[in-house]
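Summary of the model geometry
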Amino acid sequence: MTSPEGDTYPESETELDSDSHAIQGNRKINVAYMSKQMYCTSCKEKLHLEDIIDEMKRGGAVIFQVKCPTYLVVSDVKSSQEYKNPSTGRDIFAINSKAALGMLHSGFGPRQLNKLFSILDLPKIDEKTLKCHERIIGPVVELIAKESCYEAAKTERSLTIKNLDTLKKLLQVYLCCEIYTNTAEK
Ligand SMILES: [Zn+2]
């Protein structure tokens, strides 16, 4: 296929993939977050997507291994932000919580969600991971629903709710709040 400028570009995605990049298929990445990390940890030079030599999948998130072409040092680059699991204090990827949130909103189960990911050629998120993230965000979603329905939640500002507020901010579920408000108004 030829563009109006006379450049040729691949006919299909398969042809694009065939140039044997270490990473095949699609990924969910936070472009701004990832681009800030695309520097060699040793010489501080800018790294490029073609310098990616491998990846470690963490549910829907990925830790790319990016090799500096000059000094061959491998740097880890995370595809999306992390936050602390409120119950364990361990770092977890926000994209997995967002996937669980999306699953709840759309009325999908893990199987349907992964079918969609499979067609989009995105890494699957196993059921255990989704359930774990569902447990983390569940109370936040409930709280938002409550807050949009009654003012009552204001009177019970316990430590738990405080923690949930922090999580709510971290997850940036304001969109979710909007959806619930809209639903409640109907
Ligand atoms: Zn370097």
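Source: prediction; values computed, not measured. (Residues numbered from 1 in each chain as written. Predicted model: local features only at pLDDT ≥ 70, side-chain atom pairs only at ≥ 80, totals over all residues.)

If you walk across this open sheet you meet the three strands as β1-β2-β3, and the pairing is antiparallel. Of all the strands in the sheet, the pair left with one neighbour each is β1 (52-58) and β3 (74-78). Strand after strand, the sheet turns through a mean of 25 degrees between neighbouring axes, direction not considered. Two strands pair when backbone bridges link them, and β1 and strand β2 (residues 61-67) are joined in this way by six bridges, in the antiparallel orientation. Across the sheet, residue methionine 56 finds its bridge partner in β2, namely isoleucine 63. (Pairing = 2+ DSSP bridges. Helix = DSSP H or I, 4+ residues; strand = E, 2+ residues; numbered from the N terminus. Axes fitted to C-alpha atoms, helices over the stretch in contact; angles between N-to-C directions.)

Next up on the list: the confidence of the model for the protein. A residue-level look at the protein finds 67% of positions with pLDDT of 70 or above and a mean pLDDT of 80. Within the protein, the lowest mean pLDDT, 45, falls on helix α7 (residues 174-185), and the highest, 98, falls on β2. Confidence drops under a pLDDT of 50 for residues 8-12, and excluding neighbours within four residues, the segment shows seven contacts in the predicted structure. Confidence drops under pLDDT 50 across residues 174-186; counting only partners more than four residues distant or on other chains, this segment forms twelve contacts. (pLDDT = per-residue confidence, 0-100. Contact = placed C-beta atoms within 7 Å.)

This part takes up the nonpolar core. Looking at soluble globular proteins, one finds that nonpolar side chains tend to be buried together. With 21 residues, the main nonpolar core has Ala99, Ala100, Met103, Leu130 and Ile137 as its most contacted residues. Beyond its immediate stretch of four places on either side in the chain, alanine 100 contacts Leu130, His133, Glu134 and Ile137. (Core = buried A, V, L, I, M, F, W, Y, C linked by C-beta atoms within 7 Å. Buried ≥ 20, exposed ≤ 12 C-beta atoms within 10 Å, placed from the backbone.)

What follows covers the environment of phenylalanine 108. Looking at the element boundaries, phenylalanine 108 is found in the loop between α3 (94-106) and α4 (110-119). Excluding anything up to four places from it in sequence, phenylalanine 108 contacts Met103 and Leu113.

Our focus in this paragraph is the environment of serine 35. Mapped onto the secondary structure, serine 35 falls in helix α2 (residues 31-35). The spacing of serine 35 and valine 77 is 42 residues in sequence and 8.9 Å in space, taken between C-alpha atoms.

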